[in-house]
Amino acid sequence: MSLQIGRVIAAQVFIHSAMAGARLTVPLLALQQGHSAASVGVLVALFALSQVFLALPAGRFADRHGVRHPVTLAVLVTVAGCALAAVLPVYASFCLAALMSGAGTGTTVIALQRHVGRAAQGAAALRKAFSWLAIAPAAGNFVGPFAAGLLIDHAGSAPQDLWGFRIAFVVMALLPLAGWLMIRGVTEVRQPPPPAATGVPPRAWDLLQAPMFRRLLFCNWLQSSSWDVHAFAVPLLGHARGLSASTIGSILGAFAIAAALIRIVLPVLTAGREERDVIAVSTLATAAIFVVYPLMPTPLLMGVCSVLLGFALGAVQPMVMSMLHHITPAERQGEALGLRLMCINASSVAVPIVFGAAGALIGISGLFWIVGAGVGWGSRAARGLARSAPAPKAD
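Computed from a prediction, not measured in an experiment: that's the story for all the values here.

### So, the overall build of the chain
Phase 1 of the analysis: Secondary structure summary: the chain contains 13 helices and zero strands in total.
Phase 2 of the analysis: When each of the 395 residues of the chain is scored for burial, the buried share is 58%.
Phase 3 of the analysis: When the accessible surface of the chain is split by element, carbon and sulfur atoms take 71% of a total near 15000 Å².

As structure tokens, then:
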């Protein structure tokens, strides 16, 4: 791994940790203040809502300006959102913090993925680079919730008092600044030449004319939804069972560690195998784990399921990103990444709201079983994946 890739990974870890820590802190404080599971579902959905509207503009902005400018803006927005929740810990502030930290993380992801995809040379280097880069959100999903859980339980005068939550928000606001320092040392990749002018501006939806791009988005949506439901349902399940914030954070952290570890060894494990095979096996494993997860009676067994789920879901993103860069035009890769992020986050907005309301009717265990059944049904789509010619450009 080069120094440049190391800086990119570190930058994303710091920025993603802030969002992941806020995503644990916000629901727990909202529950403590007496808000319902449905209200908490709305809060979690807001972390993805801003990415729905900003993903395409962020992708086009990255296509024009590279990596530094988008990440700098992302840092400013994320810091402001977490600081607002620390200063004014009320439901409206939580909503803004979720929107702003989600927007910052989404912009960072698009800019860094595009940068790495253009810096890598060759199919093997591309898969290896995305395997390393995919460690960043997994590491952030460990650092953020684990640190936030410890601060909530131990930084205040009593476990889970308001000052503990406020200090957690302050720490989350400081983390993106370290990410900004990392990205300052990254060398910009030469921008691709603009496509020949045709008089008709390119449209993002033109990319969806490629059947494999549509299928790849669907498979990615299945995995992303499973990731989101796990992050949303585990705090609810832990709260219902009386687990401490640090225990819940540790369970989510175990998931993140597993997702990071599998990505470290993924280039070796998948050598000679097609991306679609890895995605198909991961999808079936995810379905099975979701079925047994709520049956685990102790935090230790819940942690085992969390680790296994981290292995299954952690293997998918590098495969998806490798295929995406093969089937999209070079000058529109930022736009394609933005379209991917917009599509999966559009459903991520609805998933916590719908499942938060459903949880009040069928219970938390029912949420896990519904997701497991849905992912199992959708796994056949992964078997039809294949590399294809680049997606068509606009006429």
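### As for the confidence of the model for the chain
Phase 1 of the analysis: Averaged over all residues, the pLDDT of the chain is 80; the fraction at 70 or higher stands at 85%.
Phase 2 of the analysis: Considering each helix and strand of the chain separately, the mean pLDDT is smallest for helix H5 (residues 123-133), with a value of 71, and largest for helix H3 (residues 68-87), with 92.
Phase 3 of the analysis: In the predicted structure, residues 389-395 sits below a pLDDT of 50 and forms 24 contacts with residues beyond four places in sequence or in another chain.

### Side note on the packing of aromatic side chains
Phase 1 of the analysis: All told, the structure shown has six aromatic pairs when counted by the stated rule.
Phase 2 of the analysis: Consider the rings of phenylalanine 94 and phenylalanine 169, whose centres lie 6.2 Å apart with planes at 25 degrees: the pair is stacked. Linking phenylalanine 94 in helix H4 (residues 91-119) with phenylalanine 169 in helix H7 (residues 162-183), this pair joins segments that are 75 residues apart in sequence. Each member of the pair, phenylalanine 94 as well as phenylalanine 169, is classed as buried.
Phase 3 of the analysis: Ring plane angle 25 degrees and centroid distance 5.9 Å describe the contact between phenylalanine 218 and tryptophan 221, whose orientation is recorded as stacked.

### Describing the environment of alanine 382
Phase 1 of the analysis: Topologically, alanine 382 is positioned in the segment after helix H13 (333-378).
Phase 2 of the analysis: Taking relative accessible area as the criterion, alanine 382 reaches 1% and is therefore assigned buried.
Phase 3 of the analysis: With 102 residues separating them in the primary sequence, alanine 382 and alanine 280 have C-alpha atoms 5.1 Å apart.
Phase 4 of the analysis: Once you skip the residues sitting within four places of it in the chain, alanine 382 turns out to touch Cys219, Arg276, Ile279 and Ala280.

### Notes on the side chain of serine 101
Phase 1 of the analysis: Positionally, serine 101 belongs in helix H4.
Phase 2 of the analysis: The residues touching serine 101, leaving out its near neighbours within four places in the chain, are Met19, Phe47 and Thr78.

### Digging into the side chain of arginine 23
Phase 1 of the analysis: Relative to the elements of secondary structure, arginine 23 occurs in helix H1 (residues 3-32).
Phase 2 of the analysis: Judged by its relative accessible area of 16%, arginine 23 is buried.
Phase 3 of the analysis: With sequence-adjacent residues up to four places away left out, arginine 23 is seen in contact with Phe47, Asn141, Asp228 and Ala231.

### A short note on H1
Phase 1 of the analysis: In this model, H1 (30 residues) spans 43 Å end to end at C-alpha, consistent with the 44 Å of a helix rising 1.5 Å per residue.
Phase 2 of the analysis: Judged by how many residues are buried, H1 sits mostly within the fold: 24 of 30 residues are covered.
Phase 3 of the analysis: Looking at the residues trailing H1, positive phi occurs at glycine 34, about 95 degrees.

### A few points about the nonpolar core
Phase 1 of the analysis: Counting 62 residues, the largest nonpolar core has Leu28, Phe94, Phe169, Phe232, Tyr293 and Phe368 as its most contacted members.
Phase 2 of the analysis: Take this core: its biggest share by element is nine residues, from H1.
Phase 3 of the analysis: Residues within four places of phenylalanine 169 in sequence aside, it is in contact with Thr25, Val26, Leu29, Cys82, Ala85, Ala86 and Phe94.
Phase 4 of the analysis: Listed in part, the 49 residues of the second largest apolar core include Ile5, Ala315, Met319 and Val320.

### Some details on the environment of arginine 68
Phase 1 of the analysis: Here arginine 68 lies in helix H3.
Phase 2 of the analysis: In this structure the C-alpha to C-alpha distance between arginine 68 and leucine 112, which are 44 residues apart in sequence, comes to 9.2 Å.
Phase 3 of the analysis: Those residues in contact with arginine 68 that lie beyond four places of it in its chain are Ile183, Arg184, Val186, Thr187 and Glu188.

### As for a nonpolar patch on the surface
Phase 1 of the analysis: On the surface, Ile257, Leu261, Ile264, Val265, Leu269, Leu300, Leu301, Val304, Leu308 and Phe311 cluster together to form a nonpolar patch covering roughly 850 Å² of accessible area.
Phase 2 of the analysis: Elements with a minimum of two residues in the nonpolar patch: helix H9 (245-269) and helix H11 (299-314).
Phase 3 of the analysis: Positionally, leucine 300 belongs in helix H11.

### Considering the packing of helix H8 (residues 211-240) against helix H10 (residues 275-292)
Phase 1 of the analysis: Following both chains from N to C, one finds H8 and H10 inclined at 30 degrees, their axes separated by 11 Å at the closest point. With respect to H10, the axis of H8 lies roughly parallel. The way H8 lies across H10 gives a crossing that is left-handed. Residue-level inspection shows Cys219, Gln223, Ser226, Val229 and His230 of H8 in contact with H10, the latter providing Ile279, Ser282, Thr283, Thr286 and Phe290.
Phase 2 of the analysis: For the contact of H8 with H10, the class distribution of residues is four nonpolar, six polar and no charged.

### Focus on helix H2 (residues 37-65)
Phase 1 of the analysis: In this model, H2 (29 residues) spans 41 Å end to end at C-alpha, consistent with the 42 Å of a helix rising 1.5 Å per residue.
Phase 2 of the analysis: Leucine 54 marks where H2 bends most, by close to 55 degrees; the proline proline 57 follows one to four residues later.
Phase 3 of the analysis: One or two positions beyond H2, positive phi appears at glycine 66, with a value near 85 degrees.

### Things to note about the packing of H8 against helix H12 (residues 316-327)
Phase 1 of the analysis: Two elements in contact, H8 and H12, have axes separated by 11 Å at closest approach and are oriented at 165 degrees. Regarding the angle of H8 to H12, the classification is roughly antiparallel. Here the hand of the crossing between H8 and H12 comes out left-handed. Contacts between H8 and H12 involve Met212, Phe213, Leu216, Asn220 and Gln223 from the first element and Val316, Val320, Met323, Leu324 and Ile327 from the second.
Phase 2 of the analysis: Looking at the contact of H8 with H12, its residues break down into eight nonpolar, two polar and no charged.

Thresholds applied
Residue numbering note: each chain is counted from 1, following its sequence as written. Selection of residues for local features in this predicted model requires a pLDDT of at least 70, selection of side-chain atom pairs for listing and counting requires 80 or more, and totals for whole chains, interfaces and linings are taken over all residues. The side-chain figures draw on all heavy atoms in the structure; neither hydrogens nor water molecules are used. Each helix is a run of H or I in the DSSP string that is no shorter than four residues. Each strand is a run of E no shorter than two, and both are numbered from the N terminus. Exposure is judged per residue with a 1.4 Å probe applied to protein chains only, and the accessible area is read against the type maximum: over 50% gives exposed, under 20% gives buried, and values in between give partly exposed. In these tables, accessible area is a Shrake-Rupley quantity obtained with a 1.4 Å probe, and a residue counts as shielded only by the protein chains included in the view. Every residue carries a pLDDT, the predictor's confidence in it, which falls somewhere between 0 and 100. What makes two residues a contact is simply this: any of their non-hydrogen atoms within 4.5 Å. Between the rings of Phe, Tyr and Trp (Trp by its six-membered ring), a pair exists once the centres lie within 6.5 Å; its type follows the angle of the planes, with under 30 degrees stacked, over 60 edge-to-face, and the other angles tilted. Expected helix span is taken as 1.5 Å per residue step, with the number of steps being one fewer than the number of residues. Only buried residues count toward a nonpolar core, which is a set of Ala, Val, Leu, Ile, Met, Phe, Trp, Tyr and Cys residues joined through side-chain atoms within 4.5 Å. Exposure above 30% relative accessible area and the absence of a salt bridge qualify a residue for a patch, where like charges join within 9 Å and nonpolar side chains (Val, Leu, Ile, Met, Phe, Trp, Tyr) within 5 Å. A pair is scored as a salt bridge if a Lys or Arg side-chain nitrogen falls within 4 Å of a carboxyl oxygen belonging to Asp or Glu. Note on definitions: angles span 0 to 180 degrees between N-to-C directions of axes, and those axes are lines fitted to C-alpha atoms, for helices only across the stretch in contact. Throughout this description, any angle smaller than 35 degrees is read as roughly parallel, any larger than 145 degrees as roughly antiparallel, any in the 65 to 115 degree range as roughly perpendicular, and the remainder as oblique. Working rule for handedness: look at the near helix, and if it is turned counterclockwise from the far one by less than a right angle, call the crossing left-handed; if clockwise, right-handed. By the convention adopted, Pro, Cys, Tyr, Trp, Phe, Met, Ile, Leu, Val and Ala count as nonpolar, Lys, Arg, Asp and Glu as charged, and the other residues, Gly among them, as polar. Here the bend at each residue means the angle between axes fitted to two seven-residue stretches, the one ending at that residue and the one beginning there.

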